[in-house]
Amino acid sequence: MNTVPAPSRRQFLKAGALIGGGLVVGFVVPGAKRFAHADPAAAAAVSSGFVPNAFLRIGDDDTVTVLISHSEMGQGVWTGLAMLIAEELDADWSKIKVEHAPAAPAYAHTAFGMQMTGGSTSTWSEFDRYRQAGATARALLVAAAAQRFGVPAEQVRTENGVAIAGDKRARYGELAAEAAKLPAPSAPQTLKEAKDWKIIGKPTKRLDSPEKITGKAKFGMDVQFDGLLTAVVARAPVFGGTVKSFDAAPAKAVPGVRDVLQVPSGVAVIADHYWAAKQGRDALVIDWDLGPNASLDSAKLREEFRKLAATEGDIAAQAGDVKGALAKAAKTVEAEYNVPYLAHAPMEPLNCTVKIEADRCEIWTGTQFQTVDQQVAAKITGLKPDQVQIHTMFLGGGFGRRATPTADFVTEAVHVAKAAGKPVKTVWSREDDVRGGYYRPMYLQRARIGLDAQGVPVAWEHVLVGQSIIAGTPFAGAMIKNGIDATSVEGVADSPYLKEIADYRVDLHSPSTGVPVLWWRSVGHSYNAFVMESLIDELAHAAGKDPVEYRRSLLKQHPRHLAALDLVADKASWGTALPAGRARGVAVHESFGSFIAQVAEVSVEPKPGGGHGIRVHRFVCAIDCGLAVNPDGVRAQMESGINFGLGAALYSQLTFKDGRVQESNYHDYRVLRLDEAPQIEVHIVPSTEKMGGAGEPGTAPVAAAVANAVFALNQQRLRELPLQLPA
């Protein structure tokens, strides 16, 4: 569920230099006194324990507390990153505890140069740093044990949280005080070889699950303390709208309402609790200036996109003479594909608690962008960034929504608390976010593909029309080149299919519409995988070939794609008979450094209100993500990504009319429901290749696999999301 754009690691490095003002590429070892903690108990533990670096501390009770620099929002980093430290530390896994790290430079992303979570980068970006943190701590414990035992350090070995030399043994907790007095090693430690791993690569149960099962886990919405008030904000019903005037009297008449204040984003109603704040907001009388977007209509916008698609845009990729090659093709396939705006719609609505004092600001929230939040809060309050303390809570879903370059919900909450002069938790309802948040952009794509007499593509002309999620953000300088937002065309401009064609051209139009857009799980791949893998299926049909065999022929120079495709075809029993009324569809796609192949098994069933709907019974997935640090975590992320993608494929869409979003909550902005979840099987390709991500790639091919299965079933080609059968 990590979500910010990740077109390449090189672009991450460039963006890091731009945003963070410098990259954190080494292993940071700050002293304990410079180590800020989220609560007094943690600070006390540091003062009395062994803190070899910013990423762990060891108590005299043998507990090893791992500080996680990334946000846990269900993707499993609490476990995966802890495994890296535990492996090199030779820790007793039963003694491992985890906390979210505070917002501090020591925890900056090793590629981005800022503290953040997204882009399916958490594990590969920390693989060396967290192992080095564990190895450094182990070296200090070994040195302390050697002093205690009176032997050379080379004679000390470690195992399961114990230092051993001959018949002498000392637990890590017993050595903590002595190790804390030793100077840190001046050079990086030699890390274990893969053959010696005991934890990395082994299926491991989640460390955050017990806390969530027992209710001990604290999300942003759980924050509560004496004197804390709650606010809700009335925001313009149209993006770009502003307050002309308002009457606060009806809101103030609601029992429990303390104040009504105008803030930059609208009018805040501050109350003793949420219900009073909401009722007060409902009672407000506001005269809005709706601004320039009052006539926004998604149907009309699509027509504008369609007209743009008929013109030349900025060139994202090209080779040869595509016009000439199309003219000579034995057969031509033409198609238009459409995808809608999508909300992130996390289960936990947005919320942020802020307490401002003369010399400090404390923020409690579930965030993916700690550094950005810290910086904007400092600017609003007039404080220095290191005077802003971010308490990262568990995130009840993110999918990119809690990683906005504007820090919108944190910015608003700081403004509210500053205006109120008291600690305030600002809460968004889900309707607030669905109707006034950030969205996955709407896209229209047109393709014209020429085939030779054997059905092999020889010319490919492709036009994409949709908003840039990067334009206007700090990422723009690194990620928009010659008018091309790399995230808009990822999965198309760099497609392996195009690499095998001599003549192709990919054009991009990036119109500005007034709708705020943002990365959404799997970013540009979320729509481009649907288009590309549906098109490949169309070509296979035009060539009269089996979809899997056709892909094999086109991907013969791409072994990682092939390995995933071969594995999924085998595990899904591709080519064997199915019960009457069912069919299979396939898709294969690379994103975020991982290679995913999926097979969907579907049927068409009558809907209660009439007509027919698509039912997905079984979903088989194969992934090559390089090393799988925690195979159980990878499988869980594939299952999550598939179900998330199925909701978008079958139901989800946002529409605009008269400038307003028409959907509001899960009843009309549909996501997948429990009884609709298919049987999912995940198979991991054994791989020693470079590590990729797992949080986002599983979502990308889902819609194409389902659409291709529908075509195999009834010969209806569905080119628009959500997938809907003709009446």
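Trainee: It is not clear to me how the pairing of strand β6 (residues 162–165) should be interpreted in this structure. Could you clarify?
Mentor: Because side chains alternate across β6, one face comprises the buried residues Val162 and Ile164, and the other comprises Ala163 and Ala165, equally buried. Bridge count between strand β5 (residues 157–159) and β6: three bridges; the pairing is antiparallel. Directly across from Arg157, in β6, lies its bridge partner Ile164. Taking the residues between adjacent antiparallel strands as the criterion, β5 and β6 are bridged by two residues, where Asn160 takes a positive phi near 55°. One ladder, built from four bridges, connects β6 with strand β7 (residues 168–171); its direction is antiparallel. Directly across from Ala163, in β7, lies its bridge partner Ala170. Turn length for the β6-β7 hairpin, with the two strands adjacent in sequence and antiparallel, is two residues, and the turn residue Gly166 shows positive phi of about 65°.

Trainee: Please explain the sheet that holds strand β1 (residues 50–53) as it appears in this structure.
Mentor: Think of a sheet as strands paired side by side through backbone hydrogen bonds, with each pair either parallel or antiparallel. If you walk across this open sheet you meet the four strands as β1-β2-β3-β4, and the pairing is mixed. If you trace the sheet from one side to the other, it starts and ends with β1 and β4 (96–100), each paired once. Averaged over all neighbouring strand pairs, the angle between strand axes comes to 25°, with direction disregarded. Here five bridges tie strand β3 (residues 64–68) to β4, and the two strands are oriented parallel to one another. From the neighbouring strand, Val64 faces β4, where its bridge partner is Ile96.

Trainee: Help me out: how do you make sense of the environment of Ala276 in this one?
Mentor: For Ala276, the location among the structural elements is in helix α8 (residues 274–283). For Ala276 and Ala251, which are 25 residues apart along the polypeptide, the C-alpha to C-alpha distance reads 9.2 Å.

Trainee: Looking at this model, I keep getting lost on the packing of helix α4 (residues 122–149) against helix α5 (residues 172–180). Mind explaining?
Mentor: Two quantities define a packed helix pair, namely the angle between the helix axes and the distance between the axes. One way to put it is that α4 packs onto α5 with a least axis distance of 9 Å and a crossing angle of 90°. In this view, α4 runs roughly perpendicular relative to α5, as classed from their interaxial angle. Of the residues in α5, those in contact with Leu140, Leu141, Ala144, Ala145 and Arg148 of α4 are Tyr172, Glu174, Leu175, Glu178 and Ala179. When grouped by side-chain class, the residues that make up the contact of α4 with α5 number seven nonpolar, no polar and three charged.

Trainee: Please explain α8 as it appears in this structure.
Mentor: Counting along an α-helix, one turn takes 3.6 residues, and residues three or four places apart therefore face a common direction. Regarding α8, the residues found buried are Ala276, Ala277, Gly280 and Arg281. An end-on view of α8 places all buried positions within 135° of arc, on one side of the element. Looking at the buried side of α8, the elements it contacts are β8 (229–234), α7 (249–252), β10 (257–263), β11 (266–271) and α13 (430–436).

Cut-offs and rules
Residues numbered from 1 in each chain as written. Predicted model: local features only at pLDDT ≥ 70, side-chain atom pairs only at ≥ 80, totals over all residues. Heavy atoms only, no water. Buried < 20%, exposed > 50% of the residue type's maximum accessible area, 1.4 Å probe, protein only. Helix = DSSP H or I, 4+ residues; strand = E, 2+ residues; numbered from the N terminus. Pairing = 2+ DSSP bridges. Axes fitted to C-alpha atoms, helices over the stretch in contact; angles between N-to-C directions. Parallel < 35°, antiparallel > 145°, perpendicular 65-115°, else oblique. Contact = heavy atoms within 4.5 Å. Nonpolar A, V, L, I, M, F, W, Y, C, P; charged D, E, K, R; others polar. Arc of directions from axis to C-beta.

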